[in-house]
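# Report on the structure
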Amino acid sequence: MASVSCIYGIGEIEEYENKTLTFSVGDNVNRDKVLEKLVEMLYERNNLDLKRGSFRVRGDILEIVPIGQHGKAIRIDFFGDEIEKISEFDTLTGAVIGSKKNYTLFPASH
C-alpha cells in the first residue's frame, strides 16, 4: 500500500511540514523573514488584487489569502515584531469574521 505523499508526489512528510508557517498571538517574529517564507511557500505578493495564493502588506498589517480559501483571508497585525492579533475576514467586504489565537498556513503549491 503506497502512502498519499508517494501517490501524489508530495515527498517526505517532514519536508512538507517544514513548508508550513504557524502564527500565534504573542509570538515574536521578524516580519521580513515571514515575507521571505511566504515567497518560498509560493505565495505571490500583490498589493492590489487579493486573491487565492497571494498576500499583501500595509504597514504593520499582513493579509494572506490561503490557497484553499474562497472569499476569506487571514489578517495578522504586528506591533513591531510581535504578533498582536490574528483575524479572519471577508475579502470582498473587509468585514472581520472572527479572531484566532493560532493559524497554520500551508504552501500555495507543492
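As shown above, the structure is provided for reference.
These remarks concern the structure in this document. Source: prediction; values computed, not measured.

A few words now on the overall build of the protein. Helices and strands together make up the secondary structure of the protein, namely three helices and eight strands. Each helix and strand of the protein, placed in order from N terminus to C terminus, yields the pattern α-α-β-α-β-β-β-β-β-β-β. When the 110 residues of the protein are sorted by exposure, 34% land in the buried category. Sequence separation of at least 24 residues holds for 38% of the intrachain contacts in the protein that already meet a minimum separation of 6. Surface accessibility of the protein: about 7,000 Å² in total, with carbon and sulfur atoms responsible for 51%.

The next thing to look at is the packing of aromatic side chains. Inspection of every chain in the model, using the stated rule, returns zero aromatic pairs. For Arg-75, the ring lying beneath its charged end belongs to Phe-89, and the centroid distance is 3.9 Å.

A few words on the pairing of strand E3 (residues 54-58). Across the five residues that make up E3, a large majority, four, are buried. Pairing analysis gives five bridges linking E3 to strand E4 (residues 61-65), with the strands arranged antiparallel. Within the sheet, the bridge partner assigned to Val-57 lies in E4 and is Leu-62. The antiparallel pairing of E3 with E4 creates a hairpin that spans two residues between the two strands, and Gly-59 there sits at a positive phi of about 65 degrees.

Taken residue by residue, a regular strand's side chains alternate between the two faces of the sheet. The buried fraction of strand E5 (residues 72-79) amounts to six of the eight residues, a majority that puts the element mostly inside the structure. Here E4 pairs with E5 via four bridges, running antiparallel. By the bridge assignment for E5, Glu-63 is matched with Arg-75. Linking two consecutive strands that pair antiparallel, namely E4 and E5, is a turn of six residues; a positive phi of about 85 degrees is found at Gly-71 within it. Across eight bridges, E5 lies against strand E6 (residues 82-90) in antiparallel orientation.

Moving on, we come to the sheet that holds E3. Spatially, E2-E3-E4-E5-E6-E7 is the arrangement adopted by the six strands of the open sheet, whose pairing is mixed. Pairing within the sheet leaves two strands with one partner each, and these edge strands are strand E2 (44-45) and strand E7 (96-100). Contacting E2, E3, E4 and E5, helix H3 (residues 31-40) crosses the sheet at an angle of about 160 degrees to E3.

Procedures and definitions
Residues numbered from 1 in each chain as written. Predicted model: local features only at pLDDT ≥ 70, side-chain atom pairs only at ≥ 80, totals over all residues. Heavy atoms only, no water. Helix = DSSP H or I, 4+ residues; strand = E, 2+ residues; numbered from the N terminus. Buried < 20%, exposed > 50% of the residue type's maximum accessible area, 1.4 Å probe, protein only. Contact = heavy atoms within 4.5 Å. Areas by Shrake-Rupley, 256 points an atom, 1.4 Å probe, with all protein chains shown as cover. Phe/Tyr/Trp six-rings, centres within 6.5 Å; stacked < 30°, edge-to-face > 60°. Lys NZ or Arg CZ within 6 Å of the ring centre and 35° of its normal. Pairing = 2+ DSSP bridges. Axes fitted to C-alpha atoms, helices over the stretch in contact; angles between N-to-C directions.

Taken by themselves, the reported measurements are silent on function.
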